[in-house]
Amino acid sequence: MLRSLYDWTIRLAEHRHALWALAVVAFIESSFFPIPPDVLMIPMILARPSRAWLIATVALVASVLGGMLGYAIGAFFYESIGQPILESMGKAHAMEEFNTRFNDFGFWAVLAAGVTPFPYKVITIMSGWTGMPLGTFIATSILARALRFFLVAGLLWRFGEPIRDFIEKRLGLMFTLFIILLFGGFVVVKYL
């Protein structure tokens, strides 16, 4: 099933309305769709490098708007379903503790999910679920998604086809290592 979704997404990259398709994919990927917008971005930028920055901007805006939908899903379903279940089980206090811990690191969670292969949709929904401040969520989403999409666009614009293999196979790992090192640096500074 994932392979057929991937193939369908690649075909969209060749369509005359590819920018609109990218916007839709970036939007729904941020809340429930399993295929990341990079799958569309890469062939679109390789086909028309002069539009790299426009393509990255469309992905950024649509992804952040989709992330806000994910946030709303988390906020809506927790209030209507999750909280009553936890209260009936006597576990509402455990959720409050989890919410506090998640929101203490919420900036880092959103940033990491926004630039790494970790599913961004999980963090968007959890951010709404835990009541992360919406302003923090939006600002961090913009930062994270801009880093990801504009780095991909810049690399493809500058290096073209040779960088495609690196992006498709190793960029997620590099982002993950970057976030680990960045987070580790802050932890070291905090506790030294």
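Above: the structure in question.
Bear in mind the structure is a predicted one, so any value in this text is a computation, not a measurement.

Analysis parameters
- Residues numbered from 1 in each chain as written.
- Predicted model: local features only at pLDDT ≥ 70, side-chain atom pairs only at ≥ 80, totals over all residues.
- Heavy atoms only, no water.
- Helix = DSSP H or I, 4+ residues; strand = E, 2+ residues; numbered from the N terminus.
- Buried < 20%, exposed > 50% of the residue type's maximum accessible area, 1.4 Å probe, protein only.
- Contact = heavy atoms within 4.5 Å.
- Core = buried A, V, L, I, M, F, W, Y, C linked by side-chain atoms within 4.5 Å.

*Asks:* Explanation requested: the overall build of the protein in the structure shown.
*Replies:* Along its length, the protein carries nine helices and zero strands. Relative to its full complement of 192 residues, the protein shows a buried share of 43%. Sequence-distant contacts, at least 24 apart, represent 77% of the contacts inside the protein between residues at least 6 apart.

*Asks:* Would you explain helix α3 (residues 38-47) in this entry?
*Replies:* One turn of the α-helix equals 3.6 residues, which is why residues spaced by three or four share an orientation. The element α3 is extensively covered by neighbouring structure, given that eight of its ten residues are classed as buried. The complete set of buried residues in α3 reads Asp38, Val39, Leu40, Met41, Ile42, Pro43, Met44 and Ile45.

*Asks:* What am I meant to see in the nonpolar core here?
*Replies:* The nonpolar side chains of soluble globular proteins are, as a tendency, buried together. Counting residues in hydrophobic clusters, the biggest one holds 31 residues, and the most contacted among them are Leu22, Leu40, Met41, Met44 and Ile45. Counting residues per element, the ones that place at least two in this core are α1 (2-13), α2 (18-29), α3, α4 (52-88) and α8 (134-159). Broken down by element, the residue count for this core peaks at eight residues, all from α4. Ignoring sequence-local partners within four residues, the contact set of Leu22 consists of Pro37, Leu40, Met41, Met44, Ile55, Val58 and Ala59. Residues Val110, Tyr120, Ile123 and Met132 belong to the second largest nonpolar core, which totals seven residues.

These figures come from the coordinates and say nothing about function on their own.
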